[in-house]
Amino acid sequence: MADQASRQGERYASAEILDYVARIHAGHDAGLARAFAVPEGVPSIMVGPSEGRLLQLLARLGGARKAVEVGTLAGYSAIHLARGMGPLGRLWSIEYDAGHAALARDNIAAAGLSAQIEVRQGRGADVLPSLSQHAPFDLVFLDADKEGYPDYAAWALEHLRPGGLLLGDNAFLFGDLLAEGGRASAMRAFHELVASRCDSVCIPTPDGLVLGIVR
Ligand code: SAH
Ligand code: DHB
Ligand code: MG
């Protein structure tokens, strides 16, 4: 198993190949380009174009109409998710940093998605309870503080419908998933919780993307 897993983990794609396929399949229009190009002082830590496109297509495949995101940054992944849900979709996206939240609202407005995406400013743990009234959800995407993933996932599993999608970015924890310490054990607890309650996989994107379908 370990041998097979590591053999499959060998890289066949150069940076040039990855850029090429992202350009062909996941190119940016003006709305996505604006949310991807953050101003100085804002960290450029959004999902990559191919991962964003994957989120969009998963939302569409899953027929998602109501979704929650924890960690908005500048709205790049939110725009993908909302586009995947189509005009009947509604996304609540939670962002702790007030500057990021304001930037995201601006980018979301420029992308014409203000009616579909609501950015709620605050900590995930504080804001999630206020969204319970909109449950059941079809999709929850976790991409904020990594220590929070187990609690966010527990909330998600209570408020997603059976068949709903639970997604988590940075599932390899920047390469530290198997390290000692609180952040790594939190991320492992997240993996184990998702696997115990969902049909799940960790997609080997550059930093891992967990996908679970709630049983
Ligand atoms: N999902 C975005 C990227 C999010 S980056 C995209 O792909 O486009 C992570 C974001 O989580 C940052 O903007 C950070 O400010 C925010 N964040 C950190 N801790 C948080 C918390 N406890 N609650 C909500 N947001 C948090
Ligand atoms: C960080 C957070 C992310 O969600 C990510 O995808 C990359 C980096 C960070 O906090 O540094
Ligand atoms: Mg991330």
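In what follows, the structure referred to is the one given above.
In short, a report on the structure.

Cut-off values and rules
- Residues numbered from 1 in each chain as written.
- Chains lettered and ligands numbered in written order.
- Predicted model: local features only at pLDDT ≥ 70, side-chain atom pairs only at ≥ 80, totals over all residues.
- Heavy atoms only, no water.
- Helix = DSSP H or I, 4+ residues; strand = E, 2+ residues; numbered from the N terminus.
- Buried < 20%, exposed > 50% of the residue type's maximum accessible area, 1.4 Å probe, protein only.
- Contact = heavy atoms within 4.5 Å.
- Near = heavy atom within 4 Å.
- Polar contact = N/O pair within 3.5 Å; in protein donor to acceptor, adjacent residues only side chain to side chain.
- Areas by Shrake-Rupley, 256 points an atom, 1.4 Å probe, with all protein chains shown as cover.
- Nonpolar A, V, L, I, M, F, W, Y, C, P; charged D, E, K, R; others polar.
- Donors = N, O, S within 2.8 Å, 3.2 Å for Na, K, Ca; no water.
- Salt bridge = Lys/Arg side-chain N within 4 Å of Asp/Glu carboxyl O.
- Pairing = 2+ DSSP bridges.
- Axes fitted to C-alpha atoms, helices over the stretch in contact; angles between N-to-C directions.
- Phe/Tyr/Trp six-rings, centres within 6.5 Å; stacked < 30°, edge-to-face > 60°.

1. Points about the overall build of the protein
Looking only at helices and strands, one finds nine helices and seven strands in the protein. Expressed as lengths along the three principal axes of its C-alpha atoms, the size of the protein is roughly 50 × 40 × 35 Å. Put simply, the protein has 215 residues, and 48% of those count as buried. Partitioning the contacts of the protein with sequence separation of at least 6, the portion at a separation of at least 24 is 67%.

2. Here's the deal with the site of ligand 1
Taken together, 21 residues form the shell around ligand 1, and within it Gly71, Ser77, Glu95, His100 and Asp143 come nearest. Taking Tyr152, its side chain carries an N or O atom lying 3.4 Å from a nitrogen atom of ligand 1. Within the complex, the protein chains bury 89% of what would otherwise be the 590 Å² of accessible surface of ligand 1. In the shell around ligand 1, the residues fall into nine nonpolar, six polar and six charged.

3. Structural notes on the coordination of the magnesium ion (ligand 3)
Around the magnesium ion (ligand 3), the protein contributes the donor atoms Asp143 (OD), Asp169 (OD) and Asn170 (OD1), which lie 2.0 to 2.1 Å from the metal centre. Going along the chain, you hit the donors of the magnesium ion (ligand 3) in the pattern D-x25-D-N. Using a relative accessible area of 10% as the deciding quantity, one classes Asn170 as buried.

4. Description of the pattern of salt bridges
Scanning the entire structure with this criterion turns up seven salt bridges. One salt bridge in this structure joins Glu118 and Arg90, with 3.1 Å as the shortest N-O distance. Of this pair, Glu118 sits in strand S3 (residues 117–121) while Arg90 sits in strand S2 (residues 90–95), placing them 28 residues apart in sequence. On the accessibility criterion, Glu118 (26% relative accessible area) is partly exposed. In this structure, Arg215 and Asp199 form a salt bridge, with 3.1 Å as the shortest nitrogen-oxygen distance. A residue pair is termed long-range when its members are at least 10 positions apart, and Arg215 in the segment after strand S7 (209–214) and Asp199 in strand S6 (residues 198–203) qualify at 16 residues. Residue classification places Asp199 among the partly exposed residues on the basis of a relative accessible area of 49%. Through salt bridges with shared partners, one network takes in Arg90, Glu118 and Arg120.

5. Observations concerning the site of ligand 2
Close to ligand 2 lie Ile45, Asp143, Lys146, Asp169, Asn170 and Phe174, which account for all nearby residues. A distance of 2.9 Å separates an oxygen atom of ligand 2 from a polar atom in the side chain of Lys146. In the model, an oxygen atom of ligand 2 is placed 3.1 Å from a nitrogen or oxygen of the Asp169 side chain.

6. What to know about the sheet that holds strand S4 (residues 137–142)
Sheet strands line up and pair through hydrogen bonds in the backbone, either parallel or antiparallel. Taken in spatial order, the seven strands of this open sheet run S3-S2-S1-S4-S5-S7-S6, and their pairing is mixed. Two strands in the sheet have a free side with no partner beyond their single neighbour: S3 and S6. For this sheet, the mean inter-axis angle between neighbouring strands, taken without regard to orientation, is 15°. Of the strand pairs in this sheet, strand S1 (residues 66–70) and S2 are connected by five bridges, and their pairing is parallel. Among the inter-strand pairings, Val68 is bridged to a residue of S2, identified as Trp92. Running over the sheet, helix H6 (residues 98–110) touches S2 and S3 and is turned about 170° from S3. Where helix H8 (residues 149–159) meets the sheet, it contacts S1, S4, strand S5 (160–169), S6 and S7, and its direction lies at approximately 160° from that of S5.

7. Structural notes on the packing of aromatic side chains
Pairs of aromatic rings are described using the distance from one ring centre to the other and the angle between the two planes. Tallying each qualifying case throughout the model produces four aromatic pairs. Arranged with centres 5.7 Å apart and planes meeting at 40°, the rings of Phe137 and Trp155 form a pair that is tilted. Separated by 18 residues along the polypeptide, Phe137 in strand S4 and Trp155 in helix H8 bring together distant segments of the chain. Residue class for Trp155 comes out buried when judged on its relative accessible area of 11%. Taking 5.1 Å as the distance between ring centres and 75° as the angle between the ring planes, the aromatic pair formed by Tyr149 and Phe190 counts as edge-to-face. Remark: Phe190 occurs in helix H9 (residues 182–197) and Tyr149 occurs in helix H8; sequence separation between them is 41 residues. Per residue, the accessibility class of Tyr149 equals that of Phe190, and both read buried. An aromatic cluster is present here, built from Trp92, Phe137 and Trp155 joined pairwise through their rings.

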